[in-house]
Amino acid sequence: MTNPDCIFCRIVAGEIPAQIVGRTEHALAFRDLTPQAPTHVLVIPTRHYASAAEATGDDGAAAMGEVMRLGVQVAEELGLDGGYRFVVNTGPDGGQSVHHLHLHLLGGRRMKWPPG
Ligand code: AMP
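Small disclaimer: the values here were computed from a predicted structure and weren't measured.

(A) Geometry of the site of the ligand. Neighbouring the ligand are 16 residues, the closest being D32, N89, S97, H102 and H104. In this structure, N89 approaches the ligand through a side-chain N or O atom, which is 2.8 Å from an oxygen atom. Separating an oxygen atom of the ligand from a backbone N or O atom of S97 is a distance of 2.6 Å. Starting from 500 Å² of accessible surface for the ligand in isolation, the protein chains cover 85%. Residue assignment for the shell around the ligand shows that the elements contributing at least two residues are α1 (7-12) and β2 (27-31). No other element matches α1, which puts three residues into the shell around the ligand. By residue class, the composition of the shell around the ligand is seven nonpolar, seven polar and two charged.

The structure is reproduced here in structure tokens:
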């Protein structure tokens, strides 16, 4: 399922260019356009879920699992040996701006906690 108005669905379809760094059958990893860390990758399910909250049922659970597994694999391949952070902004209070479920993989510097 894709949404023609969704920028990330268009990346999956190859209609918008992206720097792809990893893929599995149901997930895609590409560099964030506006990196917030030396390494900043987005990992998305190829199927459209508007947010983590929309990824319900067995399909949603499988998609979230595949996205997180690919995030770990990409982090290892990119040499983030010192660790990294996963972030999933969800809804307006979560600061979500693109309404297709995505995992931010951030690394290459020491992360602060708590976040802003
Ligand atoms: P969020 O605020 O969690 O919804 O994150 C959306 C992210 O998508 C932001 O970090 C943007 O920089 C990133 N982004 C938006 N458009 C693109 C694009 N065409 N290619 C790569 N990253 C993008």
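(B) Representation of the sheet that holds strand β5 (residues 103-107). On the basis of which strands lie adjacent, the open sheet formed by five strands has the order β1-β2-β3-β5-β4 and antiparallel pairing. The open sheet has two edge strands, β1 (20-23) and β4 (84-87), and neither has a second partner. Direction aside, neighbouring strands of the sheet carry axes that sit 20 degrees apart on average. Bridge analysis of β1 against β2 gives three bridges, and the strand direction is antiparallel. Its bridge partner being in β2, I20 is matched across the sheet by F30.

(C) Structural detail: the pattern of salt bridges. What the rule picks out here adds up to two salt bridges. For the salt bridge of E15 with R10, the shortest nitrogen-to-oxygen distance reads 3.0 Å. In this structure, R47 and D59 form a salt bridge, with 3.0 Å as the shortest nitrogen-oxygen distance. Highlighted residues: R47 in the loop between β3 (39-45) and α2 (57-77) and D59 in helix α2, separated in sequence by twelve residues.

Criteria and thresholds
- Residues numbered from 1 in each chain as written.
- Predicted model: local features only at pLDDT ≥ 70, side-chain atom pairs only at ≥ 80, totals over all residues.
- Heavy atoms only, no water.
- Near = heavy atom within 4 Å.
- Polar contact = N/O pair within 3.5 Å; in protein donor to acceptor, adjacent residues only side chain to side chain.
- Areas by Shrake-Rupley, 256 points an atom, 1.4 Å probe, with all protein chains shown as cover.
- Helix = DSSP H or I, 4+ residues; strand = E, 2+ residues; numbered from the N terminus.
- Nonpolar A, V, L, I, M, F, W, Y, C, P; charged D, E, K, R; others polar.
- Pairing = 2+ DSSP bridges.
- Axes fitted to C-alpha atoms, helices over the stretch in contact; angles between N-to-C directions.
- Salt bridge = Lys/Arg side-chain N within 4 Å of Asp/Glu carboxyl O.

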